[in-house]
Amino acid sequence: MCIRDRYITAESKILNVGAGNSRMSEEMYDDGYQNIVNIDVSQIVTKAMQEKYKDKGPNFKYLCMDARNMDFGDGSFDCVVDKGTLDAVLCGEMSTTNAHKMLSEVHRILTPKGVYICISYGQPDHRLPYLDKPDFEWKILTNNVFKPTISTSITLNNDDKDNPNVHFVYICQKIGVAASSKAGDRGFDKNE
């Protein structure tokens with residue numbers, strides 16, 4: 001079972017932050033996840049994606065919005081997916097402040113059982129200081145996944161923590177009453 005399928009269902013309300021022009025949401029939609037909202041700060045990209053996916057229906061949306069200041073109500077989404085957005089925020093000016101703003105907004109818009117799935121190039125010792133804050137009240141699971149490669153002759157060493165061929169997936173699940181029992185059923189532990 002893939003990471004995504006462990007934490008969300010076809011009925012889950014999913015937000016993709018910093019969606020850009022990635023096909024990830026389209027692929028998730030085609031896999032049966034039929035309630036996806038995509039946001040990005042670029043008006044040009046958002047308009048292009050709205051046009052490209054206009055036939056997907058009302059439950060597949062692209063909105064121009066900043067992940068640091070979202071217009072959604074508290075508890076609006078079961079899952080927030082982030083493929084490189086936290087990384088991009090951490091490369092900009094006022095990175096610590098902006099990362100905290102974004103993560104606070106992500107936490108706010110998640111349901112009490114909600115999960116934030118962050119796909120990052122950042123190693124745990126560089127990302128956990130931002131994610132593992134008491135005010136976020138979530139349990140964190142870290143996984144490594146190999147980046148797709150063109151050449152099959154490349155030897156990948158899973159033990160090398162500085163390996164450039166690995167992405168890190170941080171699964172941050174809110175630990176409300178319902179979430180903690182669900183997480184406990186799976187043996188969900190920080191840095192597992």
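The following paragraphs examine the structure supplied in this document. (Residues numbered from 1 in each chain as written. Predicted model: local features only at pLDDT ≥ 70, side-chain atom pairs only at ≥ 80, totals over all residues. Heavy atoms only, no water.)

Quick notes on the overall build of the protein
Within the protein one finds seven helices and seven strands. Restricting the contact set of the protein to residue pairs at least 6 apart, pairs at least 24 apart contribute 71%. Taken as a whole, the protein presents about 10200 Å² of accessible surface, with 51% of it coming from carbon and sulfur. (Helix = DSSP H or I, 4+ residues; strand = E, 2+ residues; numbered from the N terminus. Contact = heavy atoms within 4.5 Å. Areas by Shrake-Rupley, 256 points an atom, 1.4 Å probe, with all protein chains shown as cover.)

Considering the packing of aromatic side chains
Considering all chains together, one arrives at seven aromatic pairs under this definition. Each ring, one from Phe72 and one from Phe77, has its centre 4.9 Å from the other, and the planes form 85°; the classification is edge-to-face. The buried category is assigned to Phe77, whose relative accessible area is 6%. With a centroid separation of 5.7 Å and an interplanar angle of 20°, the aromatic rings of Tyr116 and Trp138 are classed as stacked. (Phe/Tyr/Trp six-rings, centres within 6.5 Å; stacked < 30°, edge-to-face > 60°. Buried < 20%, exposed > 50% of the residue type's maximum accessible area, 1.4 Å probe, protein only.)

With respect to the side chain of Ser25
Relative to the helices and strands, Ser25 resides in helix 2 (residues 24-30). In contact with Ser25, not counting residues within four places along its chain, are Asn16, Ile36, Asn38, Phe60 and Tyr62.

Points about the environment of Ile171
For Ile171, the position within the fold is in strand 7 (residues 166-174). Overall, Ile171 belongs to the buried group, its relative accessible area being 0%. Each C-alpha atom of the pair Ile171 and Ile140 lies 5.5 Å from the other, and the pair is 31 residues apart in sequence.

Concerning the side chain of Asp40
With respect to the helices and strands, the residue Asp40 is situated in strand 2 (residues 36-40). For the buried Asp40, which has no salt bridge, the nearest side chain bearing the opposite charge is Lys83, at an N-O separation of 11 Å. Residue contacts for Asp40: discarding those within four places in its chain leaves Gly18, Ala19, Gly20, Thr46, Leu63, Cys64 and Met65. (Lys, Arg positive; Asp, Glu negative; His and termini not counted. Salt bridge = Lys/Arg side-chain N within 4 Å of Asp/Glu carboxyl O.)

Quick word on the pairing of strand 3 (residues 60-64)
As a general feature of sheets, a regular strand has side chains that alternate between the two faces. Pairing of strand 2 with strand 3 involves five bridges; the strand directions are parallel. Opposite Val37, over in strand 3, you have Lys61 as the bridge partner. As for the winding sense of the linkage, the β-α-β connection from strand 2 through helix 3 (residues 43-52) to strand 3 is right-handed. (Pairing = 2+ DSSP bridges. Right-handed = clockwise from strand over helix to strand, strands pointing away.)

Remarks on the pattern of salt bridges
One pass over the full model with this rule turns up eight salt bridges. The partner of Glu26 in a salt bridge is Arg23, and the shortest N-O contact between them spans 3.0 Å. For Arg68, the salt bridge identified is with Asp66, shortest N-O distance 2.5 Å. Note on Arg68: relative accessible area 32%, which makes it partly exposed. Of the residues examined, Asp66 reaches a relative accessible area of 24% and is grouped as partly exposed. Ionic contacts of the salt-bridge type, sharing partners, join the residues Arg23, Glu26 and Glu27 into one network.

Concerning unusual backbone geometry
A positive phi is found at Met94, a non-glycine position, where the angle reads about 50°. Inspection of the secondary structure puts Met94 in the loop between helix 4 (85-90) and helix 5 (95-109). At Glu137, a residue that is not glycine, the phi angle is positive and equals roughly 45°. Structurally, the position occupied by Glu137 is in the loop between helix 6 (124-131) and strand 6 (138-146).

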